Amino acid sequence: MAQPPTAAVRMLPTDFEIIRKLGEGACSKVYLERRINDGSLMAVKVLRRLKDDDQDENLQRIIAATNREMRILLMCTHPHIVSFFATMKDMDENMYVMEYCDGGDLSAILKKKGVIPLAACRHITAEISSGLYYLHEGEKKTIPIVPSAPLRKQVVIHRDLKPDNVMMTQGRHVKLIDFGSASSPLDIVDAPVSNGGGAPPGPRATTYVGTMHYMSPELVRDSFTTPASDYWALGIIVYEMLTGKRPFDGPPYPLMESILNDPPTFPKDFDADAKDLILQLLHKDHEQRLQGLKIRDHPFFSGIGNWDTLHTVDTASLWIRTVPWAPNEQFNACHKCKRGFIPIVRNRHHCRSCGLVFCGDCSSKHCIIPDSTYKTAERVCDFCFDNLS
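One structure accompanies this document, and this report is about it. (Residues numbered from 1 in each chain as written. Predicted model: local features only at pLDDT ≥ 70, side-chain atom pairs only at ≥ 80, totals over all residues. Heavy atoms only, no water.)

1. Quick look at the overall build of the chain
Applied cut-off: Only DSSP runs of H or I covering at least 4 residues are called helices, and only runs of E covering at least 2 are called strands; the numbering of each starts at the N terminus. Any residue under 20% of the maximum accessible area for its type is buried, any over 50% is exposed, and the rest in between are partly exposed; the area is computed with a 1.4 Å probe on protein chains only. Whether two residues are in contact is decided by their heavy atoms, any of which lying within 4.5 Å being enough. Only the protein chains shown count as cover for residues, and all accessible areas are computed by the Shrake-Rupley method using a 1.4 Å probe. Here the positive residues are Lys and Arg and the negative ones are Asp and Glu; neither His nor the chain ends is included. For charged residues, the charge sits on one atom: NZ in Lys, CZ in Arg, CG in Asp, CD in Glu.
Broken down by element type, the chain carries eight helices and 15 strands. If you line up the chain on its principal axes, its C-alpha atoms span 75 × 55 × 45 Å. Taken over 389 residues, the chain has a buried fraction of 45%. Relative to all contacts within the chain whose residues are 6 or more apart in sequence, the contacts with residues 24 or more apart total 58%. Summing over all exposed atoms, the chain offers an accessible surface of approximately 19600 Å²; the carbon and sulfur share of this is 51%. Put simply, the chain has 46 plus and 47 minus side-chain charges, and the middle of one group is 4 Å from the middle of the other.

2. Looking at empty space enclosed by the protein
Applied cut-off: Buriedness for pockets is judged along seven lines, at least five of which must meet protein on both sides within 12 Å for an open set on the 1 Å grid over protein atoms alone, while cavities are sets there where a 1.4 Å probe fits but cannot get out, and lining residues have an atom within 4 Å of a point. Grid points are joined across faces, edges and corners, and a volume is the space filled by probe spheres set on the points. Nonpolar residues are Ala, Val, Leu, Ile, Met, Phe, Trp, Tyr, Cys and Pro. Charged residues are Asp, Glu, Lys and Arg, and all others, Gly as well, are polar.
Evaluation of the coordinates by the stated rule reveals one cavity of 30 Å³ or more. Taken as a whole, the largest cavity holds about 100 Å³ of empty space. Forming the walls of the largest cavity are 13 residues, and the residues nearest its centre are Arg159, Asp160, Tyr214, Met215 and Ala233. Here the lining of the largest cavity gets three residues from one element, more than from any other, and that element is helix α5 (residues 227-243). Split by residue class, the lining of the largest cavity holds five nonpolar, five polar and three charged.

3. Quick notes on the packing of aromatic side chains
The condition is simple: The aromatic pairing rule takes the rings of Phe, Tyr and Trp, using the six-membered ring of Trp, and pairs them if the centres are within 6.5 Å, calling planes under 30 degrees apart stacked, those over 60 edge-to-face and the rest tilted. Only when the NZ atom of a Lys or the CZ atom of an Arg is both within 6 Å of the ring centre and within 35 degrees of the ring normal do we say a charge sits over the ring.
Summed over all chains, the structure comprises seven aromatic pairs. Geometrically, the ring pair formed by Trp232 and Phe248 is stacked, given 5.8 Å between the ring centres and 10° between the ring planes. A residue pair is termed long-range when its members are at least 10 positions apart, and Trp232 in helix α5 and Phe248 in the loop between α5 and α6 (252-261) qualify at 16 residues. Assessed through its relative accessible area of 1%, Phe248 is described here as buried. For the pair Phe301 and Trp307, a centre-to-centre distance of 5.2 Å together with 65° between the ring planes defines the contact as edge-to-face. Ring-pair connections join several aromatic residues into one group, and the members of that group are Tyr239, Phe266 and Phe270. Here Lys140 stacks its cationic end above the ring of Tyr134, 5.0 Å away from the centre of that ring.

4. Here's the deal with the pattern of salt bridges
The condition that has to hold: When a carboxyl oxygen of Asp or Glu lies within 4 Å of a side-chain nitrogen of Lys or Arg, that pair is called a salt bridge.
Applying the stated rule across the entire model yields twelve salt bridges. A salt bridge links Lys113 to Asp371; the shortest N-O distance between them is 2.6 Å. One end of the pair, Lys113, is in helix α2 (residues 106-113); the other, Asp371, is in the loop between β14 (365-367) and β15 (378-380), and 258 residues separate them in sequence. For the salt bridge of Arg172 with Asp371, the shortest nitrogen-to-oxygen distance reads 2.6 Å. Taken as a pair, Arg172 in the loop between β8 (166-168) and β9 (174-176) and Asp371 in the loop between β14 and β15 lie far apart in primary sequence, 199 residues in all. Judged by its relative accessible area of 14%, Asp371 is buried. Where salt bridges share partners, they join Lys113, Arg172 and Asp371 into one cluster.

5. Quick word on the environment of Thr142
By secondary structure assignment, the location of Thr142 is in the loop between β6 (139-140) and β7 (152-153). With 166 residues separating them along the chain, Thr142 and Asp308 place their C-alpha atoms 23 Å apart. If we ignore the near neighbours within four places in the chain, the residues touching Thr142 are Arg152 and Gln154.

6. Here's the deal with the pairing of strand β1 (residues 16-24)
Using the following cut-off: In this description, strands pair whenever DSSP reports at least two bridges between them.
In this structure, β1 lies alongside strand β2 (residues 28-35), joined through seven bridges in antiparallel fashion. Its bridge partner being in β2, Lys21 is matched across the sheet by Tyr31. Linking β1 to β2, which pair antiparallel, is a turn of three residues.

7. Side note on the sheet that holds strand β3 (residues 41-48)
Hydrogen bonds between backbone atoms are what pair the strands of a sheet, whose relative direction is either parallel or antiparallel. Quick reminder of the rule: A fitted line through C-alpha atoms represents every axis, and for helices the fit uses only the stretch in contact; the resulting angles, taken between N-to-C directions, go from 0 to 180 degrees.
Judged by pairing direction, the sheet is antiparallel, and its five strands sit side by side in the order β1-β2-β3-β5-β4 without closing on themselves. Edge positions in the open sheet fall to β1 and β4 (84-89), since each of these has one partner strand only. Pairwise comparison of adjacent strand axes, ignoring direction, gives a mean angle of 25° for this sheet. Strand direction decides the pairing type here: β3 and strand β5 (residues 93-99), joined by seven bridges, are antiparallel. Paired with Lys45 across the strands is Tyr96, a residue of β5. Sheet contacts for helix α1 (residues 57-75): β3, β4 and β5; angle to β3, the most-contacted strand, approximately 145°.

8. A few points about α5
The condition that has to hold: Expected span of a helix: the number of residues minus one, times 1.5 Å. What qualifies as a polar contact is a pair of N or O atoms within 3.5 Å, subject to a donor-acceptor requirement within protein and to the restriction that residues adjacent in sequence count only when both atoms come from side chains.
Taking 1.5 Å of rise per residue, the 17 residues of α5 would be expected to cover 24 Å, and the 25 Å separating its terminal C-alpha atoms lies within 8% of that figure. Burial within α5 is extensive, with 17 of its 17 residues counted as buried. The residue sitting at the N-terminus of α5 and contributing the capping side-chain oxygen is Thr226; that oxygen lies 3.0 Å from the backbone nitrogen of Ala228.

9. Quick word on a nonpolar patch on the surface
Condition: Surface patches are drawn from residues lacking salt bridges whose relative accessible area is over 30%; two like charges belong together within 9 Å, two nonpolar side chains (Val, Leu, Ile, Met, Phe, Trp, Tyr) within 5 Å.
A cluster of nonpolar side chains, namely Ile342, Ile344 and Val345, defines an oily patch on the protein surface of about 340 Å² accessible area. In this structure, Val345 sits in the loop between α7 (272-281) and β12 (348-350). With a relative accessible area of 65%, Val345 lands in the exposed category.

Structure follows, in structure tokens:
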């Protein structure tokens, strides 16, 4: 497959052919499109143009957020941040051409798999952390873009980091997306030293934005965010990858109280290094929270190696999961239909995907099991067959 351009270039709507719709919002649509001259695949976001007399406030907000996102993406060049290529328009619509991430988003992967293998979680966490460090402390291009202009350090806080905004490539590498809520450098001020309440020292943004389950205590309590707020969200994501659920949940007000006051709880067999990492990322005090380059020294990442080449690692082996088979003596009946096992008449069979025990009628189908040690189609239960299909 042809590769997309490595920098912003001039493009026209007639340069593309639509393959299929990827998603749709209240005022926008996203299409997978093929660039005709080289066959490269790209994601194209389409927004209705705002007319001079248009009073649609929702569209105005979406256009403002999209323009903010494109400005930030123009500034950034990093292997774990989605690339922006061009803006196009016709009489009725504005179009934004971006990198296509063909591995889906982390939220969809979690819904399908339930949990992420520890080794894969470690690599995903490292790549997200690498992207965050670049956003917060890396040298970026200035706006307007001037060829050959020197790069300079500019702070960008994502402010809405969550599994939906972590895209994966086909090779299962991270691309951070959705910078419509991000703080651009012009939004950030250097706050005075904290006097015990509100403003923290260092760069901060003071707009209340984000998704509640991933909001940091400082945002919930005092309506500000710092780079440490993104690392709080990372802590939530790591917990979610390894347990299949979020550490803080519930209706809005109890959820806010939990974010502010409750420690996360862990399963008994939870990996010790992962637990310590999450606890440091979810420190209620943003000034004490693990962040920046310090995160790379944590024992959880002891096998990572070169952080500058994370995006070149072959990740296939990291996703291999081994499922222990449930002992036969624990099951006297089929896990699905609950009918008892009878020798010859109704035998027991282990599902090769989940490891549980089923009767022949409830586990008669075969399919390929992704990310397993099996290389051919294997016998699975009806539950797993429907999920894998």
